[in-house]
Amino acid sequence: VKLPSDFKLLALNQRSRDPDVKAALNYLHKRDVDEHDMWYFRIGTSNEPKWRRRVLFPSFDATGTLNFIVGRAVDARAKPKYQTPMVLRKTIVFNEINVDWKKQVVLCEGVFDALKCGENAIPMLGSSLNESSLLFERLVMNLTPVIVMLDSDMIENSAPRLTRKLAEYKVDAKIVDIGSLGHKDPGSMSRD
């Protein structure tokens, strides 16, 4: 996995005149992403064809080595909506560099969900977590307490299955039913 050669941190380019950078910043503002988030998640952009007109979320392992990138299109009709490298997701913990395994973590589906779930949130990059994944291994190894906050359509199947599996390994795991709060996913909620 490599960052694009022209990767630009959006927090440093908020006054850019580049229309693609402006579009990325406007998209982030519409998603309630502030400057702190831009720094914390190291959100950037690029003009390379694969990444153009996308907000880029690089991920770093515990040692600071780049291990993944999520690129979200800023244009509503762009396909595919998300661009990622060809990496087995079970081999990474997204932004493990930010995770404190001694504190409770929030497991959510995507990067925009993690933005709303606080600084010890980990996007699973999907709605399930395999026992053979590095993330599952880290949770079990550290007995890290977990809050599972998946999209509302996952509350009846994926969330209970995940909490039961974690409980088998003595990991304290709870579910937040965001559907009962009137939301479809954590990314659509306010920070409060």
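Residues numbered from 1 in each chain as written. Predicted model: local features only at pLDDT ≥ 70, side-chain atom pairs only at ≥ 80, totals over all residues. Heavy atoms only, no water.

Undergrad: Please clarify how the nonpolar core should be interpreted in this entry.
TA: Soluble globular proteins tend to bury their nonpolar side chains together. In this structure, L10, L28, I43, V55, F57 and F112 are the most contacted members of the largest nonpolar core, which totals 33 residues. Sorting the residues of this core by element identifies α1 (19-30), α2 (35-40), β3 (54-60), β4 (66-73), β6 (105-108) and α3 (111-116) as the ones contributing at least two each. Sequence-distant contacts of V55, defined by excluding residues within four places in its chain, comprise L10, A24, Y27, L28, I43, G44, V70, G71, R72, V74 and F112. (Core = buried A, V, L, I, M, F, W, Y, C linked by side-chain atoms within 4.5 Å. Buried < 20%, exposed > 50% of the residue type's maximum accessible area, 1.4 Å probe, protein only. Helix = DSSP H or I, 4+ residues; strand = E, 2+ residues; numbered from the N terminus. Contact = heavy atoms within 4.5 Å.)

Undergrad: What should I look at first to understand the side chain of N67 in this one?
TA: Tracing the chain through its elements places N67 in strand β4. Among the residues examined, N67 registers a relative accessible area of 12% and is labelled buried. Engagement of the side chain of N67 in a polar contact is seen with the side chain of S59, the distance being 2.7 Å. Not counting residues within four places of it along the chain, the set of residues in contact with N67 comprises V1, S59, F60, D61, V87, I92 and V93. (Polar contact = N/O pair within 3.5 Å; in protein donor to acceptor, adjacent residues only side chain to side chain.)

Undergrad: Any chance you could explain the pattern of salt bridges here in plain terms?
TA: A side chain of one charge can pair with a side chain of the opposite charge if their charged atoms are brought near each other. Summed over all chains, the structure comprises eight salt bridges. Within this structure, D20, R52, R53 and D75 form a network of salt bridges that share partners. (Salt bridge = Lys/Arg side-chain N within 4 Å of Asp/Glu carboxyl O.)

Undergrad: Teacher, can you tell me more about α1 here?
TA: Structurally, the α-helix is built with 3.6 residues per turn, so residues lying three or four positions apart point the same way. Compared with the 16 Å implied by 1.5 Å per residue over 12 residues, the 16 Å span of α1 between its first and last C-alpha is a close match. For α1, the capping residue at the N-terminal end is D18, with a side-chain oxygen 2.7 Å from the backbone nitrogen of D20. In the stretch just after α1, D32 is the one whose phi turns positive, near 65 degrees. (Expected span 1.5 Å × (residues − 1).)

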